[in-house]
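One letter stands for each residue in the lines below.
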Amino acid sequence: MVFKIYHFKSLYSTQDKAEEFASNGIENVVVISDVQTKARGRFNRKWRASKGGLWMSILVKPHNAEKMQYLTFCAAISAADSIKKISKLNVKIKWPNDVHYQGKKLCGILTEGHFGKNDYAIIGIGINANQEKFSSDIKHIATSLKIINKKNTDIKKLTILIIENFFNLYNNYYCKNKFDKIIQKWKSHSDTIGKNVKVITTQKTLIGKAINIDENCNLILKTKHKTIKIIEGDVSIRY
Ligand code: ADP
């Protein structure tokens, strides 16, 4: 598959720039920026994207864009695999989309789908690579490859590896509806299943054991009283 990479020094948001490309009828584009000044996470939370990190958004127009939860999984697998290869760190995926190292977040993923005449999905991947410190509001939850390994990571190399890994999963599994393969790979990287967790959803906070992921990427939580399917939420793992 042919895709184009656009690299900027600074953008408000790589997601917004990718959206601009989409509205101009372009697809299979990767938008990279050295800095994002108004990056967002899930639920419109603020994402810190200062210099030193790897910030990119991938724009695709698949025939099955409504299955975009699997794109999030593909991005998380690609990021985890690539970080493992380049940084030799035993990173894990926390459901649904954080790549972390010993409980601290190294990578965040945001997938935004647009449905209508022209379906498309934009997958944002942010990796804390060479930042040396974080602001006080996130320093207890965030870490970077530099902080862990005490040396710089070649961001270009990491970027290319992630893109290759992502499009590999995208072409071979996602576009061919082989979702079971994506789930299988995701599970091999995740440390959420089998753990006691706290899940905060928009409605409530639940405590229980994460017992599985269903075929639609939902988390299956077993509480004291029942088994619940969690579609969206924040999980903290109780190690
Ligand atoms: P998640 O990554 O858990 O899905 P979000 O997409 O909501 O969460 O990410 C936004 C949250 O991540 C922010 O509210 C903040 O707590 C945290 N955060 C912001 N920037 C960074 C960063 N560069 N590294 C790690 N965590 C961050």
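Along each chain, residues carry numbers from 1 onward, in the same order as the chain's sequence is written. At least 70 in pLDDT is required for a residue's local features to be given in this predicted model, at least 80 for side-chain atom pairs to be given and counted, and no such filter applies to totals for whole chains, interfaces and linings, which use all residues. Calculation of side-chain values draws on the structure's entire complement of heavy atoms; hydrogens and water are dropped beforehand.

### Describing the overall build of the chain
- Only DSSP runs of H or I covering at least 4 residues are called helices, and only runs of E covering at least 2 are called strands; the numbering of each starts at the N terminus. Scanning the chain from N- to C-terminus turns up five helices and 12 strands.
- Relative to a compact globule of 239 residues, whose C-alpha radius of gyration would be 18 Å, the chain shows 17 Å and is just as compact.
- If one aligns the C-alpha atoms of the chain with their principal axes, the spans along those axes are about 50 × 45 × 30 Å.
- Within the chain, buried positions represent 52% of all 239 residues.
- Partitioning the contacts of the chain with sequence separation of at least 6, the portion at a separation of at least 24 is 62%.
- A total of about 12,100 Å² of accessible surface is found on the chain, and carbon and sulfur atoms cover 49% of it. Only C-alpha atoms enter the radius of gyration, while the globule expectation follows 2.2 Å times N to the 0.38, with N the number of residues. Only protein chains enter the accessibility calculation, which uses a 1.4 Å probe. A residue is then buried if its area is under 20% of the maximum for its type, exposed if over 50%, and partly exposed in between. Whether two residues are in contact is decided by their heavy atoms: any pair within 4.5 Å suffices. The Shrake-Rupley method, run with a 1.4 Å probe, gives the accessible areas here. Residue values count only the displayed protein chains as cover.

### Some remarks on the site of the ligand
- Proximity is defined per residue: if any heavy atom of the residue lies within 4 Å of a molecule or strand, that residue is considered near it. R42, R45, D98, K105 and N128 are the nearest of the 13 residues found near the ligand.
- In isolation the ligand has 560 Å² of accessible area, and contact with the protein removes 88% of it.
- Any residue with an atom within 4 Å of a point lines the site, the site being either a cavity, points on a 1 Å grid over the protein atoms alone where a 1.4 Å probe fits but cannot get out, or a pocket, an open set with protein on both sides within 12 Å along at least 5 of 7 lines. More than half of a molecule's atoms within 2 Å of the grid points is what it takes for that molecule to sit in a cavity or pocket. Using a 2 Å cut-off from the grid points, one finds that the ligand occupies the largest pocket.
- Just so you know the grouping, Ala, Val, Leu, Ile, Met, Phe, Trp, Tyr, Cys and Pro go in nonpolar, Asp, Glu, Lys and Arg go in charged, and all remaining residues, Gly too, go in polar. Per-class residue counts for the shell around the ligand are four nonpolar, three polar and six charged.

### Here we look at the packing of aromatic side chains
- Stacked, tilted and edge-to-face pairs are distinguished by plane angle, under 30 degrees for stacked and over 60 for edge-to-face with tilted covering the rest, among Phe, Tyr and Trp rings (Trp via its six-membered ring) whose centres lie within 6.5 Å. The final tally for this structure, using the stated rule, is 10 aromatic pairs.
- Centroid distance F167 to Y170: 6.0 Å. Interplanar angle 90°. Geometry classified as edge-to-face. You can see F167 and its partner Y170 sitting in helix 4 (residues 155-174), three residues apart, about one turn around the helix. For the pair F167 and Y170, a shared accessibility class is recorded, and that class is buried.
- A network of ring pairs unites the aromatic residues F3, Y70, F166, F167, Y170, Y174 and F179 as a single cluster.
- The rule for a charge over a ring is simple: NZ of Lys or CZ of Arg within 6 Å of the ring centre, and within 35 degrees of the ring normal. Residue placement shows K38 over the ring face of Y12; its charged tip is 5.6 Å from the ring centre.

### So, the pairing of strand 9 (residues 205-213)
- Here, strands pair whenever DSSP counts at least two bridges between them. In terms of strand pairing, strand 8 (residues 196-200) meets strand 9 through five bridges, oriented antiparallel. Directly across from I200, in strand 9, lies its bridge partner T205.
- A loop of four residues connects strand 8 with strand 9, the two strands running antiparallel in sequence.
- Looking at chain direction, strand 9 and strand 10 (residues 219-222) are connected through four bridges and run antiparallel. Within strand 10, the residue paired with K209 across the bridge is K222.

### Side note on helix 4
- Those residues of helix 4 lying buried are L158, T159, L161, I162, I163, F166, F167, L169, Y170, Y173 and Y174.
- Counting of polar contacts relies on pairs of N or O atoms within 3.5 Å, with two restrictions inside protein: one atom must be capable of donating a hydrogen and the other of accepting it, and residues adjacent in sequence are counted only when both atoms are side-chain atoms. If you check the start of helix 4, you find a side-chain oxygen 3.2 Å away from the backbone N of K156, and it comes from D154.

### A few points about helix 5 (residues 179-189)
- The set of residues buried in helix 5 consists of F179, I182, I183, W186 and H189. Projection of helix 5 onto a plane perpendicular to its axis shows the buried side chains occupying an angular sector of 125°, all on one side. Among the exposed residues of helix 5, those oriented more than 90 degrees off its buried face are D180, Q184 and S188.
- Contacts made by the buried residues of helix 5 are with helix 2 (69-87), strand 4 (92-94), helix 4 and strand 9. What the arc describes is the spread of directions from the helix axis to the C-beta atoms.

### Focus on the side chain of T159
- When you line up the elements, T159 lands in helix 4.
- For T159, a relative accessible area of 6% translates into the label buried.
- Apart from residues lying up to four places away in sequence, T159 is in contact with I32, L54 and M56.

### Let's talk about the pairing of strand 10
- Joining the antiparallel neighbours strand 9 and strand 10 is a turn of five residues, in which C217 adopts a positive phi near 75°.
- As judged from the four bridges shared by strand 10 and strand 11 (residues 227-230), these two strands associate in the antiparallel manner. By the bridge assignment, L219 is partnered in strand 11 with I230.
- Hairpin connection, strand 10 to strand 11: the antiparallel pair is bridged by four residues.

### Brief notes about the sheet that holds strand 1 (residues 4-11)
- As summarised here, the arrangement of the seven strands in space is 1-2-3-7-6-5-4, forming an open sheet in which the pairing is mixed. Across the chains shown, the open sheet's two edge strands, defined by having one partner strand only, are strand 1 and strand 4. When the angles between neighbouring strand axes are averaged without regard to direction, this sheet yields 20°.
- Bridging between strand 6 (residues 104-114) and strand 7 (residues 120-127) involves eight bridges; their strand directions are antiparallel. Counted as the bridge partner of E112 is I122 from strand 7. Axis lines are fitted through C-alpha atoms, for helices just across the contact stretch, and the angle between N-to-C directions can take any value from 0 to 180 degrees.

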